[in-house]
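Summary of structural features
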Amino acid sequence: EVQLVESGGGLVQPGGSLRLSCAASGFTFSDHYIDWVRQAPGKGLEWVGRIRNRANSYTTDYAASVKGRFTVSRDDSKNSVYLQMNSLKTEDTAVYYCVRPTVTMSFAFDIWGQGTMVTVSS
Amino acid sequence: QSVLTQPPSVSAAPGQKVTISCSGGSSNIGNDYVFWYQQLPGTAPKLLIYENNKRPSGIPDRFSGSKSGTSATLGITGLQTGDEADYYCEAWDSSLSARVFGGGTKLTVL
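Everything numeric here is computed off the predicted structure, so don't read it as measured data. (Residues numbered from 1 in each chain as written. Chains lettered and ligands numbered in written order. Predicted model: local features only at pLDDT ≥ 70, side-chain atom pairs only at ≥ 80, totals over all residues. Heavy atoms only, no water.)

Our focus in this paragraph is the overall build of chain B. Looking only at helices and strands, chain B features 0 helices and 9 strands. Secondary structure elements of chain B occur, N-terminal to C-terminal, as β-β-β-β-β-β-β-β-β. Taking 2.2 N^0.38 as the reference for a compact globule, 110 residues should give roughly 13 Å; the C-alpha atoms of chain B span a radius of gyration of 13 Å, in line with that estimate. Principal axes of the C-alpha set define a box for chain B whose edges measure 40 × 30 × 25 Å. Every one of the 110 residues in chain B was classed for burial, and the buried ones make up 45%. Contacts spanning at least 24 positions in sequence make up 57% of the contacts within chain B whose residues lie at least 6 apart. Of the roughly 4,900 Å² of accessible surface on chain B, 45% is carried by carbon and sulfur atoms. (Helix = DSSP H or I, 4+ residues; strand = E, 2+ residues; numbered from the N terminus. Rg over C-alpha atoms; globule rule 2.2 N^0.38 Å. Buried < 20%, exposed > 50% of the residue type's maximum accessible area, 1.4 Å probe, protein only. Contact = heavy atoms within 4.5 Å. Areas by Shrake-Rupley, 256 points an atom, 1.4 Å probe, with all protein chains shown as cover.)

Below, the structure written as structure tokens:
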């Protein structure tokens, strides 16, 4: 079964840091880009960032709202992607989804994880 | 405020048809494909339409997508109570170098 499973969410104080993990299974992980999308409570979806595959030099892109604070990385040997979040703000409170964009569908997000909740509060 | 504009809510009776609009600009919808996602209550979003009008395997043909210029539309026919969900459009924005979503539309099947 093709699957993405996030972990690492929790409660953190403003200004703090947190690292989310996303474990992939059921497909050739190293071939794919992986993105992060978040959803604040009761709000819509917001794209956070992306890491490309080795063929594309593992390059990354970020939303303006998180650029300079968040970093996406990956370990193909562990079929895992990470989202390092620093200098967290209350407005970063959200469910964070790990998603797979598929090149054969012009990078549509065809696989989503179940999400992990991050709460930034004092 | 979202880059792509959707109506906050739409409603229709079971068996009827509904359309959900998504308006953007030349740097996103006007320049690239549109995708649509369905989010049932309490669940992760699911891909509904890709490349403007294509359905992934397993998505019934009651769901359709179209695009014209800088706008896109999701159509749902033969509405069922199980279609009650939030629907989001999405595209790549070349000016922002970012994926952008609409604000979402809540569908109520009366």
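Overall, the coordinates contain 2 disulfides over all chains when judged by the stated rule. Each sulfur of the disulfide joining A:Cys22 and A:Cys98 lies 1.9 Å from the other. On the sign convention where negative is left-handed, the bridge of A:Cys22 and A:Cys98, at about -65 degrees about the S-S bond, is left-handed. Placement of the pair is A:Cys22 in strand E3 (residues 18-25) and A:Cys98 in strand E9 (residues 94-102), with a sequence separation of 76 residues. Between the sulfur atoms of B:Cys22 and its disulfide mate B:Cys89 the distance is 2.0 Å. (Disulfide = S-S within 2.5 Å.)

A few words on the nonpolar core. Ranked by size, the top nonpolar core spans 43 residues in total, and within it A:Trp36, A:Leu83, A:Met85, A:Tyr96, A:Trp112 and B:Phe101 carry the most contacts. In terms of residue count, E9(A) provides more of this core than any other element does, 5 residues in total. Core analysis: the next-biggest nonpolar cluster, separate from the first, contains 24 residues, B:Ile29, B:Ile49, B:Ala72 and B:Ile76 among them. (Core = buried A, V, L, I, M, F, W, Y, C linked by side-chain atoms within 4.5 Å.)

So, to be careful, I would describe these as geometric facts and stop short of saying anything about function.
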